[in-house]
Amino acid sequence: MKTPLHYLVAARQNEIAELEQLGSACALVSRMSQLIHALQKERGLSNIFLASEGAQGREALDQHQPWVQQAIAELSATLEAFSLGLSGAHGARLFSAIAYALQGIEALPLLRAHRDGQRLTPEESTQAYMRLVAGCLTVVFEAADSACDPDISRTLVAMFHFMQGKELTGQERAAGAAAFASGVCNAARQHHWLHLIESQDKCFQVFADFASPAVAACWQTQNQSCADMAVIERLRRIACTSPPGSTLDWALNSVWFEACSLRLDAMHQIEALLAQELESLCGQKLALARTSLSQQLQRLHLPDGMPDPAPGQLADGMQFFNGPAPGMPWPMDLGCGPQLGRSILSLVQEQAQRLQLMQTEIDKARTSLKERKTIEQAKGVLMSYRQMSESDAYKLIRQTAMNQNRRMLDVAEAVLATVDLLPAGAGTKA
C-alpha cells in the first residue's frame, strides 16, 4: 500500500507540472501583449491613411508593418512550443481563445488589402482592428482565469485589466480623432467618449488593486509626470464639454493623435514591466517548488542504509515512484517510530493549509475576471436584442443596479439568465 509520503510527493510534482504549464501561458501572454501593441499602432496609422484618402500615413504604415510581422512570428514560435496537454475546462477555453485569435491574425492580410485599396471607411477599419485585438485579449483573459498560483494569478489579472484599459485608450484616440476631424461637436460622440474614459478608469483601478506595489508605483509616477496626459485632459475638456453643434478646431486632431500615441507607447512600458514580473514569478515559484520537493524527503530523516534519491530524480519523481532497490522496503514499512509519523503528518497539514490559502487568493482574482466577463456578455445581449450602443447598454445595466440597489454583476447575470426569453429586435433604445 502506498504511504502518505507517496501522495505528498505526487501532489508536489503535480504542482510543479501546473507551474510549468502556467509559465508557458505567461510567455504566451507576453507575446500577445507585444502583438496587441503593434496592432493598436497599425489601427491608428490606418485611420490616418483612410481619413486622408491615402494622402497621409502610407510611409508610416510601410515602416510599421515589419514590426507587426515580427510580433506575429514571435507569437507563432511561442505557440509552436506551447503544450497541448492542458486538461479540463480552463484548457478547453484557452485553446478555443487561441484558435479564435489565430483566425483573426490569418485574416489580417485581407484587411490590409481592403485598407490599401481604400475600400473601407475609417470607422469600418477601426471596428475590424478592434475585433482582432479583442480576440487577442481573450487569450490573456483565459490565461489569467486558468492560473493555479495566487501571486501569478494576481499579476495576470492586473495585466489583463491594464491591457484592456490600454485598448480602451486606443479606442478613445480613434473617437477623439474622428471628433476633431469632423470639426463639430456631436452629443452621441461625446456620450461615447465619456463612456470610454469611465471604462478606462475602472480597468486601471482593478489593475492598481492587483498589481505589485512596484508596478503600481511606476504607473502612478508615469501618470503624474506625463506631459502628454496634460494635453489629453485639456483636449478632453474642450471636446466633451462644448455644446453640441459647436465648432471644434480640426487642427487639434494631429495634436490629439500624437499625445494619445505617446501615451500608448508609455503604457506599453508598464506592460513590459508586468511581463518581466510574470517571468520572474514563474521562475521563482518553480525553483521553490522543486527545492521543497527535495526538502520534504530530507526532513523525514530516512533511516541509515536507505540511500537518498538524487535531487534531479526527486524533481521528476521517476526514481521515487519506481520504488527502492530490490529487497529494500519503503520507508513507512521499516517500522519507524512516532517521530517519522509526526513529520509526515506535519507535512500533510502544512501542504493542505498552503493549498487552501492559495485557492482563496485565486478565487479573489477570478471574481474580478468573472465580473468583467459577465458584464461584457450582458452588454452584448442588450446591444443585439435591443439595438443599443455599447455605452447605452452599459448605462442601462448601471442605472438598473442603482435603482434596484443591486450589484452590476447581479443585473448582468439576470440579463444573461433571461436571454432566451428576449425576442430579437424587441424594445427601444434606453
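Remember, predicted model here, so these are calculated numbers, not experimental data.

Draft legend 1. Fine view of the overall build of the chain. A count of helices and strands for the chain gives 15 helices and zero strands. Expressed as a percentage of the 430 residues in the chain, the buried residues total 45%. Long-range pairs, those at least 24 residues apart, make up 80% of the contacts in the chain with a sequence separation of at least 6. As presented, the chain carries roughly 21100 Å² of accessible surface, and 55% of it is formed by carbon and sulfur atoms.

Draft legend 2. Fine view of the pattern of salt bridges. If you walk through the whole model with that rule in mind, you get 18 salt bridges. The partner of glutamate 20 in a salt bridge is arginine 290, with the nearest N and O atoms 2.7 Å apart. Of the two residues, glutamate 20 is situated in helix 1 (residues 4-51) and arginine 290 in helix 10 (residues 252-298); the sequence distance between them amounts to 270 residues. Given a relative accessible area of 37%, glutamate 20 falls into the partly exposed group. On the accessibility criterion, arginine 290 (35% relative accessible area) is partly exposed. A salt bridge links aspartate 145 to arginine 93; the nearest nitrogen and oxygen atoms lie 2.9 Å apart. Residue aspartate 145 is located in helix 5 (residues 122-145), and its partner arginine 93 is located in helix 3 (residues 88-106); the two are separated by 52 residues in the primary sequence. Arginine 93 sits in the partly exposed class, given a relative accessible area of 29%.

Draft legend 3. Inspection of the packing of aromatic side chains at higher detail. Taken as a whole, this structure holds 10 aromatic pairs when the rule is applied. Considering the side-chain rings of phenylalanine 82 and phenylalanine 95, the 6.3 Å spacing of their centres and the 85 degrees angle between planes classify their relative orientation as edge-to-face. Linking phenylalanine 82 in the loop between helix 2 (58-80) and helix 3 with phenylalanine 95 in helix 3, this pair joins segments that are 13 residues apart in sequence. Aromatic side chains phenylalanine 204 and tryptophan 219 sit 4.8 Å apart centroid to centroid with 45 degrees between the ring planes, which places their arrangement in the tilted category. With phenylalanine 204 in helix 7 (residues 187-210) and tryptophan 219 in helix 8 (residues 213-225), this residue pair connects regions lying 15 residues apart in the sequence. Judged by its relative accessible area of 8%, phenylalanine 204 falls in the buried class. Look at tryptophan 219 and you get buried, because its relative accessible area is 7%. Of the aromatic side chains, those joined through ring pairs into one cluster are Phe162, Phe204, Phe207 and Trp219. Above the face of the phenylalanine 49 ring, arginine 58 is positioned so that its terminal group lies 5.1 Å from the ring centre.

Draft legend 4. Focus on unusual backbone geometry. A positive phi angle, near 55 degrees, is found at glutamate 53, a position not held by glycine. Its location among the elements puts glutamate 53 in the loop between helix 1 and helix 2. Unlike most non-glycine residues, glutamine 118 shows phi in positive territory, near 55 degrees. Tracing the sequence through the fold places glutamine 118 in the loop between helix 4 (108-116) and helix 5.

Definitions and cut-offs
Residues numbered from 1 in each chain as written. Predicted model: local features only at pLDDT ≥ 70, side-chain atom pairs only at ≥ 80, totals over all residues. Heavy atoms only, no water. Helix = DSSP H or I, 4+ residues; strand = E, 2+ residues; numbered from the N terminus. Buried < 20%, exposed > 50% of the residue type's maximum accessible area, 1.4 Å probe, protein only. Contact = heavy atoms within 4.5 Å. Areas by Shrake-Rupley, 256 points an atom, 1.4 Å probe, with all protein chains shown as cover. Salt bridge = Lys/Arg side-chain N within 4 Å of Asp/Glu carboxyl O. Phe/Tyr/Trp six-rings, centres within 6.5 Å; stacked < 30°, edge-to-face > 60°. Lys NZ or Arg CZ within 6 Å of the ring centre and 35° of its normal.

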